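Coordinate analysis (summary)
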There are 4 protein chains.
Amino acid sequence: MIAVLKQGTTLQQRQSLIEWFKTMGLDVHVSEGKYHVILGLIGDTSRIDVEMLESLSIVESVKRISEPFKNANRKFHEEDSIIDIAGVKLGGGHFQIIAGPCSVESRDQIISVAKSVQASGATLLRGGAFKPRTSPYDFQGLKADGLELLLEAKRETGLPIVSEIMSAEDLDLFADVDVVQVGARNMQNFDLLKALGRTDKVVLIKRGLANTLKELLMSVEYVMAGGNERVILCERGIRTFETYTRNTLDLSAVPMLHELTHLPIVVDPSHATGISRMVEPMAMAAAACGADGLMIEVHNDPMHALCDGAQSLTPEQFDHVAKRVAKIREALQ
Amino acid sequence: MIAVLKQGTTLQQRQSLIEWFKTMGLDVHVSEGKYHVILGLIGDTSRIDVEMLESLSIVESVKRISEPFKNANRKFHEEDSIIDIAGVKLGGGHFQIIAGPCSVESRDQIISVAKSVQASGATLLRGGAFKPRTSPYDFQGLKADGLELLLEAKRETGLPIVSEIMSAEDLDLFADVDVVQVGARNMQNFDLLKALGRTDKVVLIKRGLANTLKELLMSVEYVMAGGNERVILCERGIRTFETYTRNTLDLSAVPMLHELTHLPIVVDPSHATGISRMVEPMAMAAAACGADGLMIEVHNDPMHALCDGAQSLTPEQFDHVAKRVAKIREALQ
Amino acid sequence: MIAVLKQGTTLQQRQSLIEWFKTMGLDVHVSEGKYHVILGLIGDTSRIDVEMLESLSIVESVKRISEPFKNANRKFHEEDSIIDIAGVKLGGGHFQIIAGPCSVESRDQIISVAKSVQASGATLLRGGAFKPRTSPYDFQGLKADGLELLLEAKRETGLPIVSEIMSAEDLDLFADVDVVQVGARNMQNFDLLKALGRTDKVVLIKRGLANTLKELLMSVEYVMAGGNERVILCERGIRTFETYTRNTLDLSAVPMLHELTHLPIVVDPSHATGISRMVEPMAMAAAACGADGLMIEVHNDPMHALCDGAQSLTPEQFDHVAKRVAKIREALQ
Amino acid sequence: MIAVLKQGTTLQQRQSLIEWFKTMGLDVHVSEGKYHVILGLIGDTSRIDVEMLESLSIVESVKRISEPFKNANRKFHEEDSIIDIAGVKLGGGHFQIIAGPCSVESRDQIISVAKSVQASGATLLRGGAFKPRTSPYDFQGLKADGLELLLEAKRETGLPIVSEIMSAEDLDLFADVDVVQVGARNMQNFDLLKALGRTDKVVLIKRGLANTLKELLMSVEYVMAGGNERVILCERGIRTFETYTRNTLDLSAVPMLHELTHLPIVVDPSHATGISRMVEPMAMAAAACGADGLMIEVHNDPMHALCDGAQSLTPEQFDHVAKRVAKIREALQ
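Residues numbered from 1 in each chain as written. Chains lettered and ligands numbered in written order. Predicted model: local features only at pLDDT ≥ 70, side-chain atom pairs only at ≥ 80, totals over all residues. Heavy atoms only, no water.

**A closer look at the nonpolar core**
Grouped together as the largest cluster of nonpolar side chains are 326 residues, with contacts concentrated most on A:Leu251, B:Leu251, C:Leu251 and D:Leu251. When neighbours within four sequence positions are excluded, B:Leu251 is seen to be in contact with B:Val267, B:Met282, B:Ala285, B:Ala286, B:Cys289, D:Leu251 and D:Met282. (Core = buried A, V, L, I, M, F, W, Y, C linked by side-chain atoms within 4.5 Å. Buried < 20%, exposed > 50% of the residue type's maximum accessible area, 1.4 Å probe, protein only. Contact = heavy atoms within 4.5 Å.)

**Examining the interface of chain D and chain C**
Contacts between chain D and chain C engage 59 residues on the former and 59 residues on the latter. Interface area for chain D against chain C, summed over the two sides, is near 4,800 Å², with a carbon-plus-sulfur share of 54%. Applying the counting rule to chain D against chain C returns two salt bridges. Across the salt bridge formed by D:Arg239 and C:Glu215, the nearest N and O atoms sit 2.4 Å from each other. Summed over the shared surface of chain D and chain C, the result is 18 residue pairs in polar contact (both at pLDDT 80 or more). (Buried area = accessible area lost by both parts, 1.4 Å probe. Salt bridge = Lys/Arg side-chain N within 4 Å of Asp/Glu carboxyl O. Polar contact = N/O pair within 3.5 Å; in protein donor to acceptor, adjacent residues only side chain to side chain.)

**Let's talk about the interface of chain C and chain A**
Across the contact, 37 residues belong to chain C and 37 residues belong to chain A. Between chain C and chain A, a total of about 3,100 Å² is buried, with carbon and sulfur atoms accounting for 68% of that surface. On inspection of chain C and its partner chain A, the count reaches four salt bridges. Summed over the shared surface of chain C and chain A, the result is eight residue pairs in polar contact (both at pLDDT 80 or more). Only helix 6 (213–225), helix 7 (253–260), helix 9 (276–288) and helix 11 (315–332) of chain C provide two or more residues apiece to the side of chain C that touches chain A. (Helix = DSSP H or I, 4+ residues; strand = E, 2+ residues; numbered from the N terminus.)

**Some details on the confidence of the model for chain A**
Per-residue confidence for chain A gives a mean pLDDT of 91, with 96% of residues at or over 70. Here residues 305–309 of chain A scores under 50 on pLDDT; set against residues more than four positions off or in separate chains, the count is twelve contacts. (pLDDT = per-residue confidence, 0-100.)

**Quick word on the sheet that holds strand 11 (residues 202–206) of chain C**
Residues and elements named next belong to chain C. Strand order in this closed barrel of eight strands is 7-8-9-10-11-12-13-14, and the pairing throughout is parallel. Neighbouring strand axes in the sheet, compared pairwise and without regard to direction, differ in orientation by 30° on average. Taken strand by strand, helix 4 (residues 144–157) contacts strand 8 (124–126) and strand 9 (161–165), and its axis lies near 165° from that of strand 9. (Pairing = 2+ DSSP bridges. Axes fitted to C-alpha atoms, helices over the stretch in contact; angles between N-to-C directions.)

**Section: the relation of the copies chain D and chain C**
The transform that puts chain D on chain C rotates by 180° and translates by 0.0 Å along the axis, for an RMSD of 0.0 Å. In short, the pair behaves as if placed about a two-fold rotation axis. Looking at the rotation axis and the C-alpha trace of chain D, the residue lying nearest is D:Ala210, at 3.0 Å. Taken together, the interface assignments show that 100% of the residues at the interface of chain D recur at the interface of chain C, consistent with an identical surface on both copies. (Least-squares fit on C-alpha atoms with pLDDT ≥ 70 in both.)

As structure tokens, this is what we get:
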């Protein structure tokens, strides 16, 4: 870490700061420029609070040289992590499609969707039971009953299941859920992340709507610091000024995260665009730039079936997308 | 609510949609334009999910006419709400300053700061015990011990206290805390908001870093829908591309929120700018545009005292700011 | 267009507004709801200024139903436009790669790069002569001399050339340039766009750093309204909060623009990411989601050759990328 | 400037880079850390292209220590610049209000507005003759005729005038205009800025919608580097995700720019919010945080007069705002 001191800093002020760094166990290397003095801090700087340091009146600016994330960092773990989800491998060349409805609505719905997506090549089943909604007046999900129906679909098809958790208090209900999803709005719900770090569940963390990749990796670090190393990252679109699409899918996040971390990265084109017509091209693009998997919404209810433009695909549309994605995967070999 | 149908929508598709609206208890008014058919929906549309509707293939676009928030809406509650916090009134012309350290660190620190800010005119004491930090390796607060010290400062000075909660599981610890704060990162932690809606605590909700005012008001609605009407809103800066300041204080939020809601709005210039030199001008600007209160960081620890540029003010600096703000308040009379 | 009037609007105010619309040649359809009156405006509303209308005190909100762009609109021109650039076709299934150095630096450089990219499959040569730089102290390009060198490379290889213009005053210098590029910072330099609309040049318009697709299409409309219909759109990354990449490539813009307009869309992965390692995956993703072409930086100078991580690719790297992209294109058939 | 080299950089690569810096006239100070080598560059680094440097494969990151702007920099010019505009002083304690209509529409309109704003205390008259509009189908201004009318209002009232230029080709028309305004969309139209740098006009530069303060100062630098030191900066709102207001007024830009530069800063609350009701509170807030002036839209046409909610104020409303702002100014003494 480098700290640049302001012009006019007194020797005494500088010395106080250096001594404080030494109490933090750091070596300090002083370099005097024409206008500025630069302090190079050597040792474990991960405990240094950059914002606090920058706020000091004698400090012009601070620059981290090492990344503040460790467990997720590829520098210390060169090989791709492969996550085993009840026998289904994800990452390190193992590409998987997670598919299913936005919300679990009924026994028939979830089992029917599960069977059809499985037939088209999906290897994991998703379904929302706890739904984070901007409005308290919107449907909040079937909760425990929804999870129960999802488990029934798992028993029926053998597909491991993925579902979102909203509070650590519900953890017991997720005992048989294979992948516990942390939604974009909870990406920095640190108490929830800590609780998941104390479990042995596979955790899928979605990037927050206005969060950077570094912040996403720091949230991953909350889980891993607790001892749980089975984490999957998910890019699902960020908030930008564009309004034709619901969010903006940041696909450069895929190769960039592959550089930064050894953990697998999946892409959710359904939420990112909010438009079913966009799912196919964006799923193909995600596969083409190296995503380890896709998360795609598929439904079979009549209201949506009437209208092919919903965010969710019909089973027939999903089958088509899965085939097109497979072609892209082949081209990459 | 208005739904514009796409060109080429068949009569049968249109009829299906109209019937579905009727099952939702809405009257539908059809207006045929040259290219488009427009459906006007009359009745309680707050349960209609705009995103779902927009995603239908026959729907070109949807427009809400009424706001989706109700309890917080000034249209249904014309007078300013005045929140009584252990005898200290906020809102409706009652202006208050909440001051105190970012984190509670020791008995001496919190009591010393409390006394000095009280002497300068602060009427509420803030202090963090649970600290949401981007990194799991940063200081996470003194937690229960911190709250205990804060309560001691309250007993010593009589100042009502404000502190941040991060999980509903900690609610018991906040029994004697006067104002429970929900931080920016938890603004859409809906389970936490619901839990606070079931209490009789005053709740202060900070706007999320990339959230709109409508989303803030919908989060307020989560608390109010549970029966708790004592909510304070806080503007604390939003994320923009500017890097000289930590965040960008959105002061137009103050008069805009005053139009939209009857609840009081306070402004936190310390977090918004991250620079102590900016606290005075932004506190004055906030007062000038009608904020109901300010939330300002004040510290007395030696590391910061050395350096007058920290985000926190020294007690002397705070005293100066409080006097300048009082001048602005007088000019408004 | 729909205008929703505020509650409390008097009959007289409403009537004044309706009469004003009639003087603009519009029919007005009045629909009275429970709380609001809605005016449906029928006729050519493209001359109505939405911002002005929204600012009126009796107007709650305004909604355009038709898009404000016409010449570029696919609704009025269903087939893909194919742009003929000195015999090279772009759009409607014709995929092309534009390659070349960021700046033209010398005769040897531009001719050497031109020959190597041509050998690898590029069909258009790019090279900057006028360089828009944030700082007046940065290199501003070789200007007229740079264009001269570029023309020499064109004569040598037969490749049509693409170069950026910064001011209408320089138009004469671009007489033999095949594609005139408008950079991101000039996307809303309306005088420049109007001047290009009066020429018969092919114009390539890059999306501004914080501009929406609608704004991009309105800028295109400035050129087309002048009578020049040969316009190419270019997605080159938008500004977001992410800092690991220079900008964020918005690939969902590709299928979305294909829906909205009949004009071809190319993608520039070099500027979007600012990192040469990201060019290959993002070029592949762009091809996979249906881009009509790519624009890629290739250099051969020793400073960059030393360092394989520059934004620009070496000729060898470009050859590899072009082959990988071709594989993706095959998979799409 | 500091450049941090990547782990694994060879001695030879390092040496090549150091030699290249030396050819740029810089001294290089090498500091070897545990994992990284840091190069400190001493001398005039303003000509070093940070983006190019960062893109090199052996470079981990680069950090400027000195600001890249010079002429505008307060470090080299400690006292506030006071700009004399035909006898009206702005900056360094001289506070002025610029008022007038968005567009010049007729002789009667501009003279009537000019007289009324002068009576209320405005000291400069604004009026748009060349209007940058997103759509080519929107009103583009009266152009030369508009400037002529504005000059007539100047002769009638003695108020110096402010009007926007869109192209250097129109400079002759601005011969008698006192302040030439560069709009937000042209903030990075570098050819226009250079042309203005060669004149002796006072130039008012508006911050672009998604531009940082550093970029604004670099655009100022384009004008000043040409020899024209009479520049005024204008904060007029930036693009954020908030939709209740048209843009988000960034008032912390005012004290921050005062730190960074000696040039005066005015605030335009009319464009920033797009809502006349917000002009008063935001004008007061701007005055309270130290703005050197305000730019406010005032109209007198019947369509707007009917509707008090337009972005523009009526002369009566402006009179009220001017009085309230004066109260705030007094409180600051």
